[in-house]
Amino acid sequence: MKHVVVGLIVMFLGVWGMIVWFKTLGLVMRGLVPIVLVVFGLVALLSGFRRLAAANPAASDDEEDEEDEEGEEDEEGEEDEEDDRDDEALEDEAELEEDDEQPAEPSAVDAPAA
């Protein structure tokens, strides 16, 4: 409820300020609108470039391939380490699946009453 009251007071002061300083408001808006448009245009442009880069991974792969040729030996070792990590993760998953497939031992709660 407190937020509603504060919001109404602030809105009232804002409307009162726009009425009293209408000419000054017009000057400020004429200065701010072009700046805001440029900033939003830059944000939209950067967003578009990011989407294009995400949609076209082949372009970024070509750049990586050129770098790969320069330092092939170092990255081969890194790839082996990544493969080892993947193998370990697969082994862990296989162990978990084996545990799930084993029949559950009856517990005291499941045992029939004598």
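Some remarks on the overall build of the protein
- Looking only at helices and strands, one finds 4 helices and 0 strands in the protein.
- Residue burial in the protein is summarised as follows: out of 114 residues, 1% are buried.
- Per element, the accessible surface of the protein, about 11,000 Å² overall, is 61% carbon and sulfur.

Considering the confidence of the model for the protein
- Averaged over all residues, the pLDDT of the protein equals 75, while 53% of them reach at least 70.
- By mean pLDDT, the top-scoring element of the protein is helix α1 (residues 2-20) (94), and the lowest-scoring one is helix α3 (residues 57-70) (59).

Digging into helix α2 (residues 22-55)
- Compared with an ideal rise of 1.5 Å per residue, which puts 34 residues at 50 Å, α2 spans 47 Å between its outermost C-alpha atoms and is within 8% of the ideal.
- Where α2 bends most, the angle comes to about 25°, and this point is Leu-32, followed within four residues by the proline Pro-34.
- With respect to burial, α2 is a largely exposed element, only 0 of its 34 residues being buried.

Observations concerning the packing of aromatic side chains
- All told, the structure shown has 1 aromatic pair when counted by the stated rule.
- Ring centres of Trp-16 and Trp-21 lie 5.7 Å apart, and the angle between their planes is 70°; on these two criteria the pair is classed as edge-to-face.
- Judged by relative accessible area, which is 45%, Trp-16 ranks as partly exposed.

Criteria and cut-off values
Residues numbered from 1 in each chain as written. Predicted model: local features only at pLDDT ≥ 70, side-chain atom pairs only at ≥ 80, totals over all residues. Heavy atoms only, no water. Helix = DSSP H or I, 4+ residues; strand = E, 2+ residues; numbered from the N terminus. Buried < 20%, exposed > 50% of the residue type's maximum accessible area, 1.4 Å probe, protein only. Areas by Shrake-Rupley, 256 points an atom, 1.4 Å probe, with all protein chains shown as cover. pLDDT = per-residue confidence, 0-100. Expected span 1.5 Å × (residues − 1). Bend = angle between axes of the 7 residues up to and from the residue. Phe/Tyr/Trp six-rings, centres within 6.5 Å; stacked < 30°, edge-to-face > 60°.

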